Amino acid sequence: MDISLVYAIVMGGSFCLLLLINGLPLIARLVRYLSPFVSKHLIYRYILHRYRLLGPWSRADVLVQLIYVAGNICCFEFWDTTISQVGLRAGTLAMINLIPLFAVPHLSTLADLLGVTLSTFRQIHRSAGVMAVMLTIFHLLVMIASQPSFPLDLAQNKFAVIGASSLGFIILLSVSLFRRLSYELFLRTHQALAALAAYTIWRHLPSEKAFPRAYLYISAGLFLLMCIVQTYMVIRQNGVFRYGCARACITHEYGAVRVRIQLQKPLDIKAGQAINLWIPSVSFWSFLQSHPFVVISWAEKPQDHLDLFIEPRRGLTRELLYHAKNEHAMNPLVLFSGPHGKSIPMDDCENILMVASGFGIAAHLPYLKQLIHGYNAREVRARRIHLVWQVRDIDVTIAAQSLLNGALNEDTLDDGWILAISIYCESSDIGEKSFGKRAKVYPGKAPLREILQAEVAGEHIEKKPVDNIDWDTKTLVEGELESGGKTGKDSQLLVTVSGTDDIRDELRSVARGHLTDGVCFFELDYQPSQ
């Protein structure tokens, strides 16, 4: 490369970097201005609605996928190459797309490093996987068609077919119908097929060429590095060698599993974050399993114990319920990784609507505790929190009663409250009941559209008289004074949901029509069973 070209690139890059740094405030304002428009017309509008085996796809999802596909197709350079070269290039592109798939032993680790949610990274993982499989199949078909014969007794051809078949089976078994039968079996099969595909690809590639084998070595190197990093983080966070392993107390109440992990070393964990838990003594195969659970406990300082509220499904969670009922392994040794996930900032929101169904209440509990603590310490702007909880029967509410009562007991600043709880029970033998002034039980399904519209209108927020505000206290109420004491109609409404597909889709549709009214909508990482 010409030295003058290198100089031009360095100088141009330096000027562009300075322009970017200086223009960041302008870019941030532009993003805030365009965000409601983009969300309303691209992110929250579905092209394909949710079906059992497919969807939902928003306009943004389709647009991103089209750009991704177009980028890979452009790399073929059809206009300046032969069909055989296109086939070889497809194989190389498949290897490149496989790098992020083979790079980490656990998706949560890379999602945290990239600063995206686990659900977002799972979409990236799926897209890269499908693209790699399609490119592999295209590569295989072109190579078969461009050769006079394709003898399978030749090792290179045999391993090509086995590798492509392994990747194809990974895609087939990733369909939700197979995944829901046994998640643990699906996960181990998925990993075994991925290892088989990596080995057969390595055997298929010519050894005399550095590329494209180098892409496979890069994947292996990244995987080994991430294994070392993750192992170090687990040992460091658990304090294994210095303090010993943590222990868990497992109990149950009305069909729900409660786990308290007594840490040997305090852990700083934010509201909404989760841990991957490993309990080897629960069952014969549990030493091979680690499962993510959202942490329902919250504290301003690092915690010396973590509380979990678990819905028994299949596999490990069902075993936990069995052992709790039979008082087996009540104090087992555990290891965990984390905390994983991103915490949603709620400090600047005056009105918060939390919607949960079933065990989705677990995802909201740490946010409730954080908001009420911040309100009592005058650190947040929250003036109303409305928790809407949809349940099939009353058992899960009884199991979580002590957890909600703890939040209600803390919400007593200035002989008032900001938390209101509405429970909607689908059981036919439940009538409307009130538990004090802040918690009510209603029969049937929650009228989510009416509830959200009422919160947008600020019907339940009272304007604070300026004379009643403590002027000597460092609070966020100063912002209200400057704006003349805004009501909920003028302020931002934050909507969070951890619920069934139908609930999330309905809220998404309703919130889409109010984005210009300052509504922000978030689907939490943990979503309960349907």
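Residues numbered from 1 in each chain as written. Predicted model: local features only at pLDDT ≥ 70, side-chain atom pairs only at ≥ 80, totals over all residues. Heavy atoms only, no water.

### Some remarks on unusual backbone geometry
No. 1: Positive phi is not limited to glycine here, since Tyr-254 has a value of about 50°.
No. 2: The topology assignment puts Tyr-254 in the loop between strand S3 (246-253) and strand S4 (256-267).
No. 3: Of note in the backbone geometry, Arg-378 takes a positive phi value of approximately 55° without being a glycine.
No. 4: Mapping Arg-378 onto the fold places it in the loop between helix H12 (361-376) and strand S10 (384-391).
No. 5: Using a relative accessible area of 25% as the deciding quantity, one classes Arg-378 as partly exposed. (Helix = DSSP H or I, 4+ residues; strand = E, 2+ residues; numbered from the N terminus. Buried < 20%, exposed > 50% of the residue type's maximum accessible area, 1.4 Å probe, protein only.)

### Describing the packing of aromatic side chains
No. 1: One pass over the structure, following the stated rule, counts six aromatic pairs.
No. 2: Ring centres of Tyr-199 and Trp-202 lie 6.2 Å apart, and the angle between their planes is 40°; on these two criteria the pair is classed as tilted. Here Tyr-199 pairs with Trp-202, and both are found in helix H8 (residues 183-204), just three residues apart, close to one helical turn.
No. 3: The exposure class assigned to Trp-202 is partly exposed, which follows from its relative accessible area of 32%.
No. 4: Geometrically, the ring pair formed by Tyr-424 and Tyr-442 is stacked, given 4.9 Å between the ring centres and 20° between the ring planes. With Tyr-424 in strand S11 (residues 419-425) and Tyr-442 in strand S13 (residues 439-443), this pair connects stretches of sequence that are 18 residues apart. An identical accessibility class is assigned to Tyr-424 and Tyr-442; each is buried.
No. 5: Counting every residue linked through ring pairs, the aromatic cluster contains Phe-159, Tyr-199 and Trp-202. (Phe/Tyr/Trp six-rings, centres within 6.5 Å; stacked < 30°, edge-to-face > 60°.)

### Some details on a nonpolar patch on the surface
No. 1: Together, Tyr-51, Leu-53, Leu-54, Trp-57, Phe-169, Leu-172, Leu-177, Phe-178 and Leu-181 line one region of the surface with nonpolar side chains, adding up to about 950 Å² of accessible area.
No. 2: At the level of elements, helix H6 (155-173) and helix H7 (176-179) are the ones that each hand at least two residues to the nonpolar patch.
No. 3: Tracing the chain through its elements places Leu-181 in the loop between H7 and H8.
No. 4: Taking the relative accessible area as the measure of exposure, Leu-181 reaches 62% and is therefore exposed. (Patch = residues over 30% accessible without salt bridge, like charges linked within 9 Å, V, L, I, M, F, W, Y side chains within 5 Å. Areas by Shrake-Rupley, 256 points an atom, 1.4 Å probe, with all protein chains shown as cover. Salt bridge = Lys/Arg side-chain N within 4 Å of Asp/Glu carboxyl O.)

### Side note on the pattern of salt bridges
A side chain with one charge may pair with a side chain of the opposite charge, provided their charged atoms come close.
No. 1: Summed over all chains, the structure comprises ten salt bridges.
No. 2: Among the salt bridges present, the one from Arg-50 reaches Asp-501, with a minimum N-O distance of 3.6 Å. Here Asp-501 lies in helix H17 (residues 501-512) and Arg-50 lies in the loop between strand S1 (46-48) and strand S2 (57-58), a separation of 451 residues in the sequence.
No. 3: A network of salt bridges, in which partner residues are shared, links Arg-50, Asp-501, Arg-504, Asp-505, Arg-508 and Glu-523.

### Describing helix H11 (residues 316-325)
No. 1: For H11, the complete set of buried residues consists of Leu-316, Thr-317, Leu-320, Leu-321, His-323 and Ala-324. The arc that holds every buried residue of H11, seen down its axis, measures 165°, which confines them to one face.
No. 2: Turning to H11, the residues buried within the fold contact H8, S3, S4, strand S6 (291-294) and strand S7 (303-310). (Arc of directions from axis to C-beta. Contact = heavy atoms within 4.5 Å.)

### Brief notes about the pairing of S4
No. 1: Bridge analysis of S3 against S4 gives seven bridges, and the strand direction is antiparallel. Directly across from Arg-247, in S4, lies its bridge partner Gln-262.
No. 2: Connecting the antiparallel pair S3 and S4 is a turn made up of two residues, with Tyr-254 showing a positive phi of about 50°.
No. 3: Pairing between S4 and S7: seven bridges, direction antiparallel. Counterpart to Val-257 in the pairing with S7 is Ile-310. (Pairing = 2+ DSSP bridges.)

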